[in-house]
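Take a look at the letters that make up each chain.
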Amino acid sequence: MALFLRTANGFIRGGKRHSFLLARAFTSTSGRFEINKIYPSAVEAIKDLKSDTTLLAGGFGLCGVPDTLINALHSKPSIRNLTAVSNNAGVDGSGLGVLLASGQISKMIASYVGENKTFERKYLTGEIELELTPQGTLAERCRAGGAGIPAFYTPAAFGTVVQTGELPVRYNSDGTVAAYSQPREVRVFDGKSYVMEEAIRGDIAFVKAWKADSLGNCQFRFSAANFNGAMGRNATLTVVEAENIVPVGDIDPAAVHLPGIYVDRVIQSTTPKSIEKFTFTKDAEEQSATLGTGETASRRERIIRRAAKEFKNGMYANLGIGMPMLAPTFVDPSITVQLQSENGILGLGPYPRRGGEDPDLINAGKETVTLAPGASIFGSDESFGMIRAGKIDLTILGAMQVGMYGDIASWALPGKIKGMGGAMDLVSNPGKTKVVVTMEHCDRKGNAKILEKCAFPLTGRTCVSRVITELGVFDVDFEKGLTLVEIAEGVEVDEIRAKTGAPFSVSDGLKPML
């Protein structure tokens, strides 16, 4: 009988070494060990989660939020002192809002407080810390963390309180500021200033997927992709809740949005999806009611009709919430514009008809929307990449104040906090993206909103190219200031001067407001 001894590079038979190549077959066999990342429940999937950890949570508004996992964490009140990273914290009673209410979150890193009253109250009374971060910067900080990049430079937020370190991070209970943010390093590249931001790394990520298999491969659905991909790639432990757990191979390889290499655990999603703002297509009468009544409606319609003239055929445009979103209603039918929404949609369609709403299709204002033919969907990190790169031709925003050299303040009022969302990114490349502001000329108290210098915290510096109000249209030169180029019917230049808090020139070719 021959004696075989196995060695690292072959066998020895009868005292002689026989070398050969060992080949490993990766083809499927009945005896192959099968990878299975599926856990029986959310509670089981997070059983080893501890206090004092950094939690990354996908979602935008109430879309794509991993509620089943969040609710499971809420059922474990001993887990506390969490730093939660997410675009926002849902609303009272939903999303991360339940963890804020239970006191399990001690710090939020987010771009938007929004309508979450508990979030706003706890921040302003010193119960939690808040690191407000521009939405595109937040997406990129999470993406960079998952890609092994420790820091990067961005044009967003230069010249704002984010960059200078004057943003309150924590308040005292009496409303005084206990701590401010850290100032950011600034460097100049090709004559333009950029802010350095450090990457975020998470201990655990909660992700919401439409489909997932036992290997951890995930597919997202429509705008529910938002932050889920960036968060899922960026944690020591990634846990996915999927609406549909499917056999391996059921997700087309080209449709895998989050590869299984990033995913550690998968559970069945059991929490129904929610919609924050039901918004439907309106007929002409309902559309008029949206603008308000009487003189208010007349002023706003004048602004919106003029803003619609800014669209040119073939443009890619991003519209802020409020009046800007109404502008496409008045666009000439011969003009085709692709509308982009920073939560990951290119090719926004109209609002749905009642009954046709989809919780996975919302715009940046959390409103229900539809997709136009030829639309595309992507994550928030890619969405802001195209914004910062100047691929968007036009952005139309509302504002609280505009400075005479193109500064804009649109996100914060004294004693109130909503967050900057994506606005700082949208105005970060004015050399390639035309920034147009639509707003009423004066505030409700009759105070001018066009000023020599903004009094409210800035969204961006020297970035607004045009201002449209009910009285007229101003062009902005970043060095020379304001020029009135169009005037509304029945309005005199002297009236505009009296209601404007900054000097301006009058164009030699002053035209009637279109």
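Cut-off values and rules
Residues numbered from 1 in each chain as written. Predicted model: local features only at pLDDT ≥ 70, side-chain atom pairs only at ≥ 80, totals over all residues. Heavy atoms only, no water. UniProt positions renumbered as here; feature names shortened; annotations may be inferred. Domains from an automatic or database assignment. Contact = heavy atoms within 4.5 Å. Buried area = accessible area lost by both parts, 1.4 Å probe. Salt bridge = Lys/Arg side-chain N within 4 Å of Asp/Glu carboxyl O. Polar contact = N/O pair within 3.5 Å; in protein donor to acceptor, adjacent residues only side chain to side chain. Helix = DSSP H or I, 4+ residues; strand = E, 2+ residues; numbered from the N terminus. pLDDT = per-residue confidence, 0-100. Buried < 20%, exposed > 50% of the residue type's maximum accessible area, 1.4 Å probe, protein only. Pairing = 2+ DSSP bridges. Right-handed = clockwise from strand over helix to strand, strands pointing away. Core = buried A, V, L, I, M, F, W, Y, C linked by side-chain atoms within 4.5 Å. Phe/Tyr/Trp six-rings, centres within 6.5 Å; stacked < 30°, edge-to-face > 60°. Lys NZ or Arg CZ within 6 Å of the ring centre and 35° of its normal.

- Looking at an unreviewed UniProt entry, one finds the protein chain named Succinyl-CoA:3-ketoacid-coenzyme A transferase, with Tuber aestivum as its source organism.
- We quote the UniProt Catalytic activity (unreviewed entry) comment for the protein chain here in full: "a 3-oxo acid + succinyl-CoA = a 3-oxoacyl-CoA + succinate".
- Of the protein chain, the UniProt comment under Subcellular location (unreviewed entry) reads exactly: "Mitochondrion".

### A few points about the domain arrangement of the protein chain
Part 1 of the reasoning: The assigned domain composition of the protein chain is domain 1 (42-268) and domain 2 (284-512).
Part 2 of the reasoning: The distance between the C-alpha centroids of domain 1 and domain 2 comes to 28 Å.
Part 3 of the reasoning: Residue-level contacts link 41 residues of domain 1 with 36 residues of domain 2.
Part 4 of the reasoning: Roughly 3,000 Å² is buried in total at the junction of domain 1 and domain 2, and carbon and sulfur atoms are behind 61% of that figure.
Part 5 of the reasoning: By the criterion of area lost to domain 2, the three top residues of domain 1 are F60, F222 and S223, representing 18% of everything that side buries.
Part 6 of the reasoning: In this structure, the connection of domain 1 to domain 2 is made through 3 salt bridges.
Part 7 of the reasoning: D360 serves as the salt-bridge partner of R221, at 2.9 Å between the closest nitrogen and oxygen.
Part 8 of the reasoning: Our count for the contact surface shared by domain 1 and domain 2 stands at 14 residue pairs in polar contact (both at pLDDT 80 or more).

### With respect to the environment of E131
Part 1 of the reasoning: With respect to the helices and strands, E131 occurs in strand β7 (residues 129-132).
Part 2 of the reasoning: Taking the C-alpha atoms as reference points, E131 and R141, separated by 10 residues in sequence, lie 13 Å from one another.
Part 3 of the reasoning: In this structure E131 touches K107, M108, I109, A110, R141 and R184, once residues within four positions along its chain are discounted.

### Details of the confidence of the model for the protein chain
Part 1 of the reasoning: On average, residues of the protein chain score 92 in pLDDT, and 92% of them reach the 70 mark or higher.
Part 2 of the reasoning: Contacts from residues 1-31, a stretch scored under 50 in pLDDT, to residues over four places away or in other chains number 28 contacts.

### A short note on helix α2 (residues 67-74)
Part 1 of the reasoning: Taken across its 8 residues, α2 has 6 buried, putting it largely inside the fold.
Part 2 of the reasoning: For α2, every residue scored as buried is listed here: D67, T68, L69, I70, A72 and L73.

### Re the pairing of strand β6 (residues 105-110)
Part 1 of the reasoning: Bridge count for strand β5 (residues 82-85) against β6 is 4 bridges, and the pairing is parallel. Counterpart to A84 in the pairing with β6 is M108.
Part 2 of the reasoning: In the classification by handedness, the crossover that spans β6, the intervening helix α4 (residues 117-124) and the parallel β7 is right-handed.

### Observations concerning the UniProt feature "active site" (unreviewed entry) in the protein chain
Part 1 of the reasoning: As annotated by UniProt and renumbered to match this structure, "active site" (unreviewed entry) occupies E342.
Part 2 of the reasoning: Its place among the elements puts E342 in the loop between β18 (338-341) and β19 (345-348).
Part 3 of the reasoning: Its relative accessible area of 8% is what places E342 among the buried residues.
Part 4 of the reasoning: In this view, E342 contacts Q135, N318, A364, S380, S383, F384, I387, G422 and L426; residues no more than four positions away in its chain are not counted.

### Comments concerning the pairing of strand β17 (residues 316-319)
Part 1 of the reasoning: As defined by bridge partners, β17 adjoins β18 across 3 bridges and the pair is classed as parallel. The residue bridging Y316 from the neighbouring strand is Q338, located in β18.

### A look at the sheet that holds strand β27 (residues 450-451)
Part 1 of the reasoning: Pairing is mixed in the open sheet, where 3 strands are placed in the order β23-β22-β27. Of all the strands in the sheet, the pair left with one neighbour each is β23 (408-409) and β27.
Part 2 of the reasoning: Note that strand β22 (residues 401-403) and β27 share 2 bridges and pair parallel. Counterpart to V402 in the pairing with β27 is I450.

### Quick word on the side chain of E310
Part 1 of the reasoning: Assignment of secondary structure puts E310 in the loop between α9 (294-308) and β17.
Part 2 of the reasoning: Within the local environment of E310, its side chain forms a polar contact with the side chain of R466, the two groups lying 2.9 Å apart.

### What to know about the side chain of D425
Part 1 of the reasoning: Considering the arrangement of structural elements, one finds D425 in helix α12 (residues 423-426).
Part 2 of the reasoning: Take D425: its relative accessible area is 0%, and that puts it in the buried class.
Part 3 of the reasoning: Contacts of D425, omitting those with residues within four sequence positions, involve P134, Q135, G136, T137, A156, F384, I387 and R388.

### Regarding the nonpolar core
Part 1 of the reasoning: F311, V464, V467, F474, L482 and I496 are the most contacted members of the largest nonpolar core, which has 55 residues in total.
Part 2 of the reasoning: Other than its neighbours up to four places away in sequence, I496 contacts H441, L471, F474, L484, I487, V491 and F504.

### Quick notes on the environment of T83
Part 1 of the reasoning: Within the secondary structure, T83 is located in strand β5.
Part 2 of the reasoning: The exposure class of T83 is buried, given its relative accessible area of 18%.
Part 3 of the reasoning: A sequence separation of 21 residues divides T83 from Q104, and the C-alpha atoms of the two residues are 9.1 Å apart.
Part 4 of the reasoning: Excluding residues within four positions of it along the chain, T83 makes contact with T53, T54, L55, K107 and I109.

### A look at the packing of aromatic side chains
Part 1 of the reasoning: Tallied over the entire structure, the rule returns 5 aromatic pairs.
Part 2 of the reasoning: Aromatic pair Y123 and Y171: ring centres 5.1 Å apart, planes at 80°, arrangement edge-to-face. Here Y123 is found in helix α4, whereas its partner Y171 is found in strand β9 (residues 168-171), with 48 residues between them in sequence. No difference in accessibility class separates Y123 from Y171, as the two residues are buried.
Part 3 of the reasoning: What links up through ring pairs into an aromatic cluster is the set Y153, F189 and Y194.
Part 4 of the reasoning: Looking at K366, its charged tip hangs above the ring of F60, at a distance of 4.5 Å from the centre.
Part 5 of the reasoning: Stacked on the ring of F504, the Lys or Arg R497 has its end atom at 4.5 Å from the ring centre.

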